[in-house]
Amino acid sequence: MAFAASSSALSAALSLTTFLPPVSEKLNRTNHQSWKAQVLAALRGAQLADWLETNTEPPARYLPKKKPGDEDEVPVANPEFGAWVAKEQIVLSYLLTNLSKEILGHVNTETTAKGAWAAIEALFASQSRAKIISTRMALTSATKGTSNISEYFTKIKSLADEMAAASRKLQDEEFVSYVLTGLDQDFDSIVSAVAARVEPITVNELHTQLIAHEQRLEMRNGGNQSSANLATKGKSGGGNSYRGGRGGSGRNGGRGNRGGFTRGGGNNGANRGSF
């Protein structure tokens, strides 16, 4: 009977393997976050995730003796112990078969699922910390520049996704702060309004307000370019070349233009412009 019960428990444990699909890509140096999400989803779906962090001791290997102290009694295997070990080793096997050769070399000495999982997490912990630091620096120094709001938001969102991939997801208020910090002076009114709010603004609401403000700026400037681009073009010399169109460029050209429009002819105007 004990053998039959043990076989039944083992069969039930082995049947769980049908619920453990392989991940889309074996674990390597660059896909830890996505790999982890897939592995946890599969193990939780099969009710096996507890074996990754369990502190529970396995059941006794043998059933209690019918006559305590009888040394002649043959030990009877505990079917629950066999099922417990089978499930735990299935989880270990699932982890090991979904590792690349590079990562497997760091884990293949582990004999339990908990030990293998802890080794994997430790391997990527230092890499995640370095990634968080570098990405936070990039967020701090990110500016809108000549990008439009949609492009700027996409850049910040991409950096925020990198933070999340390193297990440091940004809160909405943090995301908003990084966005506002990198805006130019054309958006000072939005920055002031957000800072004065009692309730924190959502990311989607901020995006909507910035897009609307950008559209108003474009309408006032009479074109589809962002205000930053227009300002850059204005500083490049467009205004001066217009003022000095007939008399040359720079300050002299500007004065020559004035001379050209005075009474008395072009030569006097040119001479006055040369000074």
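Counting restarts for each chain: residues are numbered from 1 in the order of the written sequence. Local features in this predicted model are restricted to residues of pLDDT 70 or higher, and side-chain atom pairs are both shown and tallied only at a pLDDT of 80 or more, whereas totals for entire chains, interfaces and linings draw on every residue. Each side-chain value is worked out from all heavy atoms of the structure, with water and hydrogens disregarded.

Undergrad: I tried to follow the confidence of the model for the protein chain on my own but got confused; where do I start?
TA: The predicted coordinates should not be examined in detail at positions where pLDDT is low. pLDDT expresses how confident the predictor is about each individual residue, on a scale running from 0 to 100. Chain-level pLDDT for the protein chain is 78 on average; 74% of the residues reach the 70-or-more range. Each helix is a run of DSSP H or I of at least 4 residues and each strand a run of E of at least 2, with the numbering of both proceeding from the N terminus. Taking the mean pLDDT of every element in the protein chain, the minimum, 40, falls on helix α12 (residues 266–274) and the maximum, 95, on helix α7 (residues 172–181). Confidence drops under a pLDDT of 50 for residues 1–6, and excluding neighbours within four residues, the segment shows four contacts in the predicted structure. Segment residues 232–275 is flagged for pLDDT under 50; beyond a separation of four residues in sequence, or across chains, it makes 29 contacts in the model. Contact between two residues is taken to exist if any of their heavy atoms lie within 4.5 Å; hydrogens are not considered.

Undergrad: What am I meant to see in the pattern of salt bridges here?
TA: A side chain of one charge can pair with a side chain of the opposite charge when the charged atoms of the two come close. Take a side-chain nitrogen of Lys or Arg and a carboxyl oxygen of Asp or Glu: if they are within 4 Å of each other, that pair is a salt bridge. Tallying each qualifying case throughout the model produces seven salt bridges. Taking the shortest distance from any N to any O, the salt bridge between D161 and K157 comes out at 2.9 Å. With D161 and K157 both in helix α6 (residues 149–165) and four residues apart, this pair spans about one turn of that helix. Residue K157 is classed as partly exposed on the basis of its relative accessible area, which comes to 42%. Between R168 and E174 there is a salt bridge, with its nearest N and O atoms 2.8 Å apart. For every residue, the accessible area (1.4 Å probe, protein chains only) is compared with the maximum for its type, and the residue is labelled buried under 20%, exposed over 50%, or partly exposed between those bounds.

Undergrad: Is there a simple way to explain the packing of α7 against helix α9 (residues 203–221) in this structure?
TA: A pair of packed helices is captured by two measures, namely the crossing angle of their axes and the spacing between those axes. At a minimum axis distance of 9 Å, the contact between α7 and α9 shows a crossing angle of 25°. Overall, the two elements α7 and α9 adopt an arrangement that is roughly parallel. Here D172, F175, V176, V179 and L180 of α7 lie close against α9, whose contacting residues are V203, L206 and L210. Of the residues in the contact of α7 with α9, the class split is seven nonpolar, no polar and one charged. Throughout, an axis means a line fitted to C-alpha atoms (over the contacting stretch in the case of helices), and angles, computed between N-to-C directions, take values from 0 to 180 degrees. The labels follow the angle: roughly parallel below 35 degrees, roughly antiparallel above 145, roughly perpendicular from 65 to 115, and oblique for the rest. Under the scheme applied, nonpolar residues are Ala, Val, Leu, Ile, Met, Phe, Trp, Tyr, Cys and Pro; charged residues are Asp, Glu, Lys and Arg; polar residues are all the others, including Gly.

Undergrad: Just checking my understanding: could you explain the packing of aromatic side chains for this structure?
TA: The geometry of an aromatic ring pair is captured by the separation of the ring centres together with the interplanar angle, meaning the angle of the planes. What counts as a ring pair is set by centres within 6.5 Å for rings of Phe, Tyr and Trp (its six-membered ring), and what kind of pair is set by the plane angle: stacked under 30 degrees, edge-to-face over 60, tilted for all other angles. Applying the stated rule across the entire model yields three aromatic pairs. Between W51 and W84, the ring centres sit 6.0 Å apart and the planes meet at 50°, which makes this aromatic pair tilted. One end of the pair, W51, is in the loop between α2 (32–45) and α3 (79–97); the other, W84, is in helix α3, and 33 residues separate them in sequence. The exposure class of W51 is buried, given its relative accessible area of 13%.

Undergrad: Mind showing me how you'd approach unusual backbone geometry here?
TA: If a residue is not glycine, its phi is most likely negative; likewise, a peptide bond is most likely trans. The residue Q47 is not glycine, and still its phi comes out positive at about 60°. One can find Q47 in the loop between α2 and α3.

Undergrad: What is the right way to read α9 from this model?
TA: Every α-helix carries 3.6 residues per turn, so stepping three or four residues along brings you back to the same face. The end-to-end C-alpha distance of α9 is 27 Å, a good match for the 27 Å that 19 residues give at a rise of 1.5 Å each. Among the residues making up α9, those that are buried are V203, L206, L210, I211, H213, E214, L217 and E218. Summarising the axial view, the buried residues of α9 lie within an arc of 165°, below the 170-degree limit, and thus occupy one face. Of the exposed residues in α9, those oriented more than 90 degrees away from the buried face are N204, T208, M219 and R220. Just beyond α9, the residue with positive phi is G222, at close to 70°. Residue count minus one, scaled by 1.5 Å, sets the expected span of a helix. When we speak of the arc, we mean the arc of directions from the helix axis to the C-beta atoms.

Undergrad: In this structure, what is going on with the packing of α2 against helix α5 (residues 113–141)? I would like to understand it.
TA: Contact pair α2 / α5: the axes reach a minimum separation of 12 Å and the direction vectors enclose 160°. With respect to α5, the element α2 is oriented roughly antiparallel. Along this stretch, α2 crosses α5, giving a crossing that reads as left-handed. Residue-level inspection shows H32, W35, K36, V39 and L40 of α2 in contact with α5, the latter providing W117, I120, E121 and F124. By the definition used in this description, the sense in which the near helix is turned from the far one sets the handedness, with an anticlockwise turn below a right angle giving left-handed and a clockwise turn giving right-handed.

Undergrad: What exactly am I supposed to notice about the side chain of E88 here?
TA: For E88, the location among the structural elements is in helix α3. Counted as positive: Lys and Arg. Counted as negative: Asp and Glu, with His and the chain ends omitted from the count. For the buried E88, no salt bridge is present, and the opposite-charge side chain at shortest range is K114, 9.9 Å distant. With sequence-adjacent residues up to four places away left out, E88 is seen in contact with W51, T111, T112, A113 and K114.

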